[in-house]
Amino acid sequence: MNQKHHIVFFTGAGISQESGIETFRDTNGLWHNHKVEDIASKDGFEKNPQVVLDFYNQRREVVEKAQPNLAHNLIASLEDRYKVSVITQNVDDLHERAGSSNVMHLHGELNKCRSSKNSHLIYPYTGSLKVGDLAEDGSQLRPHIVWFGEEVVEIEKAIEITQTADLFIIIGTSMVVQPAGSLLLSVPVDAQTVYIDLNPDVEDGINLLVLKEKATVGMKQLVEDYLPY
Ligand code: APR
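Residues numbered from 1 in each chain as written. Predicted model: local features only at pLDDT ≥ 70, side-chain atom pairs only at ≥ 80, totals over all residues. Heavy atoms only, no water.

Digging into the environment of leucine 94
For leucine 94, the location among the structural elements is in helix α6 (residues 94–98). Overall, the relative accessible area of 0% leaves leucine 94 in the buried class. Those residues in contact with leucine 94, other than ones at most four positions away along the chain, are Ser16, Ser19, Ile21, Ala66, Gln67, Pro68 and His72. (Helix = DSSP H or I, 4+ residues; strand = E, 2+ residues; numbered from the N terminus. Buried < 20%, exposed > 50% of the residue type's maximum accessible area, 1.4 Å probe, protein only. Contact = heavy atoms within 4.5 Å.)

Thoughts on the site of the ligand
Residues in contact with the ligand amount to 23 residues; listed here are only the nearest, Ala13, Arg25, Thr173, Ser174 and Asp197. Within the backbone of alanine 13, one N or O atom sits 2.8 Å away from an oxygen atom of the ligand. Taking threonine 173, its side chain carries an N or O atom lying 2.7 Å from an oxygen atom of the ligand. Isolated, the ligand exposes 730 Å² of accessible area, and the fraction of that covered by the protein chains is 94%. A molecule is said to occupy a pocket when more than half its atoms come within 2 Å of that pocket's grid points, and by this definition the ligand occupies the largest pocket. When residues of the shell around the ligand are sorted by domain, at least three fall in each of domain 1 (1–21 + 68–107 + 152–229) and domain 2 (23–65 + 112–145). (Near = heavy atom within 4 Å. Polar contact = N/O pair within 3.5 Å; in protein donor to acceptor, adjacent residues only side chain to side chain. Areas by Shrake-Rupley, 256 points an atom, 1.4 Å probe, with all protein chains shown as cover. 1 Å grid on protein atoms, 1.4 Å probe; cavity = no way out; pocket = protein on both sides within 12 Å on 5 of 7 lines; lining within 4 Å. Sits in = over half its atoms within 2 Å of the grid points. Domains from an automatic or database assignment.)

Here we look at empty space enclosed by the protein
Here the structure, examined in full by the defined rule, presents one cavity of 30 Å³ or more. What lines the largest cavity is simply Ala13, Ile21, Glu22, Phe24, Arg59, Val63, Gln89, Asn90, Val91, Asp92 and Leu110. Considering only residue class, the lining of the largest cavity consists of six nonpolar, two polar and three charged. Shared between two domains, the lining of the largest cavity takes at least three residues from each, and those domains are domain 1 (1–21 + 68–107 + 152–229) and domain 2 (23–65 + 112–145). (Points joined across faces, edges and corners; volume = space filled by probe spheres on them. Nonpolar A, V, L, I, M, F, W, Y, C, P; charged D, E, K, R; others polar.)

Some remarks on helix α7 (residues 155–162)
Residues lying three or four places apart along an α-helix face the same way, a consequence of the helix completing one turn every 3.6 residues. For α7, the complete set of buried residues consists of Ile155, Ala158 and Thr162. Across the axial projection of α7, the buried residues extend over an arc of 55°, all falling on one side. On its buried side, α7 packs onto β4 (83–88), β5 (103–105) and β9 (167–171). (Arc of directions from axis to C-beta.)

With respect to the sheet that holds strand β6 (residues 108–115)
In any sheet, the strands associate via hydrogen bonds between backbone groups, in a parallel or an antiparallel arrangement. With respect to topology, three strands assemble into an open sheet ordered β7-β6-β8, the strand pairing being antiparallel. At either margin of the open sheet sits one strand with a lone partner, and together these are β7 (122–124) and β8 (141–145). Mean inter-strand twist for the sheet, computed between neighbouring axes without regard to direction, equals 45°. When β6 meets β7, the two strands line up antiparallel, connected through three bridges. Bridging from a neighbouring strand, cysteine 113 pairs with tyrosine 123 of β7. Along the sheet, helix α4 (residues 49–65) contacts β6 and β8; its crossing angle with β6, the most-contacted strand, is approximately 140°. (Pairing = 2+ DSSP bridges. Axes fitted to C-alpha atoms, helices over the stretch in contact; angles between N-to-C directions.)

So, the layout of surface pockets
Here the largest pocket defines a volume of roughly 860 Å³. Broken down by element, the lining of the largest pocket gets its largest block of residues, three residues, from helix α1 (residues 14–17). Taken together, the residues of the lining of the largest pocket sort by class into 21 nonpolar, 14 polar and ten charged. Split by domain, the lining of the largest pocket shows at least three residues from each of two domains, domain 1 (1–21 + 68–107 + 152–229) and domain 2 (23–65 + 112–145). By volume, the second largest pocket is sized at about 360 Å³. Around the second largest pocket sit 18 residues that line it, and Arg114, Ser119, His144, Val146 and Val153 are the ones nearest its centre. When contributions to the lining of the second largest pocket are tallied by element, the ones reaching two or more residues are β5, β6 and β8. When its residues are assigned to classes, the lining of the second largest pocket shows six nonpolar, five polar and seven charged. When residues of the lining of the second largest pocket are sorted by domain, at least three fall in each of domain 1 (1–21 + 68–107 + 152–229) and domain 2 (23–65 + 112–145).

Rendered as structure tokens:
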């Protein structure tokens, strides 16, 4: 492949695990005895706004202390040889901090917050959020995160990007959450797909190579053994 060819990365929580950020389904899915699905939801926010804000305040602190790992860094380094697009389900900014310049966050971003009434009123989210912190339209500020049951507004654009992939690399996602989990169906039939995951529950297939590895090990193997210089 050369500069003209397009590598699309589709990443999930597993790529940030080696940076010290917990995944969703490898833990018991609980936070301070609350089910994550109950916290990461509009209902949860309406019922217990400060509990939800504290959840994201705490996650922001973890992400701020985390560093990109070798997998993030290798993805960024490929930009000098290929056209690279990153479609991530992660809300951390480790891809950007590693130097990736073309990142789409399907499920939002932890370092942004927004009006509860107008999703276009978006602000930097630094420090902690509390009930009473208001947007310019007077509504309560909320994390700029796609909560369970909310629309994934970027999915159409993500599908278009995936449809132009020459190589589609999935890293560290269980692919259980929809519609993100179905992006694989949009990969061109003549493109190669590589799935790097600690516990992949799929077998090698036609144009599908499965690397049962940690993200850092799988990415190193991919760059050294599969990507021509
Ligand atoms: N290296 C590679 N893969 C790993 C590693 C690692 N070090 N650690 C865990 N994994 C894999 C797990 O085997 C699993 O397949 O990462 C995946 C993590 O899956 P989930 O916890 O379900 O995370 P993800 O797929 O990103 O979840 C998708 O669900 O909760 C919602 O919005 C949230 O974006 C999230 C979405």
